[in-house]
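Breakdown of the fold
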Amino acid sequence: MEAFHEKDVQKRVSSTLRKLGFPVYRNGFRCLRYAIPRFSQDPNQSITKELYPYVAERLQFTGWMAVEKAVREAISAAWKNRDPKKWEELFPGCEKAPSNKQLIATLAELLCERIES
């Protein structure tokens with residue numbers, strides 16, 4: 001991951017989120033731009049104790065719960081307006097919106113695959 005600059009990685013994440021229908025104007029979109037690359041560096045980290053506080057600090061949110069809520073609301077909005085084919089590729093058989101952790105982990109894995117190839 002060191003070969004890529006943080007801005008390049010964020011652009012890749014942003015592109016993927018837009019393809020999935022995430023509204024760019026939502027705070028959750030901004031949170032995911034930081035959370036996904038960070039999680040890809042250490043998939044064993046605690047979401048609520050490490051990842052969300054990191055994102056909250058970077059974006060100057062009031063706390064990790066604000067990050068959690070923003071991500072959840074962004075996922076919900078994207079799910080309502082989704083293109084089922086695009087979501088099915090990443091979340092096969094998923095009949096309801098993925099959890100925050102499930103979405104972050106899946107997109108972090110996808111990010112790693114794209115960078116390695």
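**Things to note about the packing of aromatic side chains**
- Under the definition given, this model contains 4 aromatic pairs.
- Where tryptophan 79 meets tryptophan 87, the ring centres are 5.3 Å apart and the plane angle is 90°; that geometry is what we call edge-to-face. Per residue, the accessibility class of tryptophan 79 equals that of tryptophan 87, and both read buried.
- The ring of tyrosine 54 carries the charged tip of arginine 38 above its face, separated from the ring centre by 3.9 Å.

**A closer look at the pattern of salt bridges**
- All told, the structure shown has 1 salt bridge when counted by the stated rule.
- Note that lysine 69 and glutamate 73 form a salt bridge whose closest N and O atoms lie 3.9 Å from each other. Of this pair, lysine 69 and glutamate 73 both sit in helix α4 (residues 64-80), 4 residues apart, roughly one helical turn.
- What makes glutamate 73 partly exposed here is its relative accessible area of 37%.

**As for helix α3 (residues 47-59)**
- Those residues of α3 not exposed but buried are Ile47, Leu51, Tyr52, Tyr54, Val55, Ala56 and Leu59.
- Looking one or two residues beyond α3, the residue adopting positive phi is glutamine 60, at roughly 55°.

About the criteria used
- Residues numbered from 1 in each chain as written.
- Predicted model: local features only at pLDDT ≥ 70, side-chain atom pairs only at ≥ 80, totals over all residues.
- Heavy atoms only, no water.
- Phe/Tyr/Trp six-rings, centres within 6.5 Å; stacked < 30°, edge-to-face > 60°.
- Buried < 20%, exposed > 50% of the residue type's maximum accessible area, 1.4 Å probe, protein only.
- Lys NZ or Arg CZ within 6 Å of the ring centre and 35° of its normal.
- Salt bridge = Lys/Arg side-chain N within 4 Å of Asp/Glu carboxyl O.
- Helix = DSSP H or I, 4+ residues; strand = E, 2+ residues; numbered from the N terminus.

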